[in-house]
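# Remarks on the overall topology
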Amino acid sequence: MDLKQYLQNNTSAKASLVGYADETGPKGYNKFLSEKRAKTVYDILVAAGIDGSRLSYKGDGEDTTATKGARQLARRVAFTIK
């Protein structure tokens, strides 16, 4: 089940979206990019009918847990259900 479907089926649930970037590029830009990435997912969910008041988003900048060979894995949005 995807996040949109889960939120549609569980109308009292809320989700926090956190965007990440890889380590390439300046830290300030990566912070901006990670927030933009999370906002894009937020916008998609709202456009799909999820009430924006049930969602929050932020960018956490660089995901330093990914190795250089796994940069694509660092470019992501994680979510937590509340």
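First things first, this report covers the structure right here in the doc. Please read these numbers as outputs of a predicted model, since none were measured by experiment. (Residues numbered from 1 in each chain as written. Predicted model: local features only at pLDDT ≥ 70, side-chain atom pairs only at ≥ 80, totals over all residues. Heavy atoms only, no water.)

## Regarding the pattern of salt bridges
Taken as a whole, this structure holds six salt bridges when the rule is applied. Note that K39 and D43 form a salt bridge whose closest N and O atoms lie 2.6 Å from each other. Residue K39 and its partner D43 are located together in helix 2 (residues 27–47), separated by four residues, close to a single helical turn. For D43, a relative accessible area of 36% puts it in the partly exposed group. Salt-bridge contacts for R76 lead to D63; the nearest nitrogen and oxygen are separated by 2.9 Å. Within this pair, whereas R76 is found in strand 3 (residues 76–81), its partner D63 is found in the loop between strand 2 (55–62) and helix 3 (71–74), the two being separated by 13 residues in sequence. By relative accessible area, which is 31% here, R76 ends up partly exposed. (Salt bridge = Lys/Arg side-chain N within 4 Å of Asp/Glu carboxyl O. Helix = DSSP H or I, 4+ residues; strand = E, 2+ residues; numbered from the N terminus. Buried < 20%, exposed > 50% of the residue type's maximum accessible area, 1.4 Å probe, protein only.)

## A short note on the sheet that holds strand 3
Across the sheet, which stays open at both edges, the three strands sit in the order 2-1-3 with mixed pairing between neighbours. Both edges of this open sheet fall to strand 2 and strand 3, since each of them pairs with a single strand only. Sheet twist, expressed as the mean angle between neighbouring strand axes with direction ignored, is 20°. Pairing analysis gives six bridges linking strand 1 (residues 15–21) to strand 3, with the strands arranged antiparallel. The partner of L17 across the bridge, within strand 3, is F79. Taken strand by strand, helix 2 contacts strand 1, strand 2 and strand 3, and its axis lies near 155° from that of strand 2. (Pairing = 2+ DSSP bridges. Axes fitted to C-alpha atoms, helices over the stretch in contact; angles between N-to-C directions. Contact = heavy atoms within 4.5 Å.)

In short, geometric facts, not functional conclusions.
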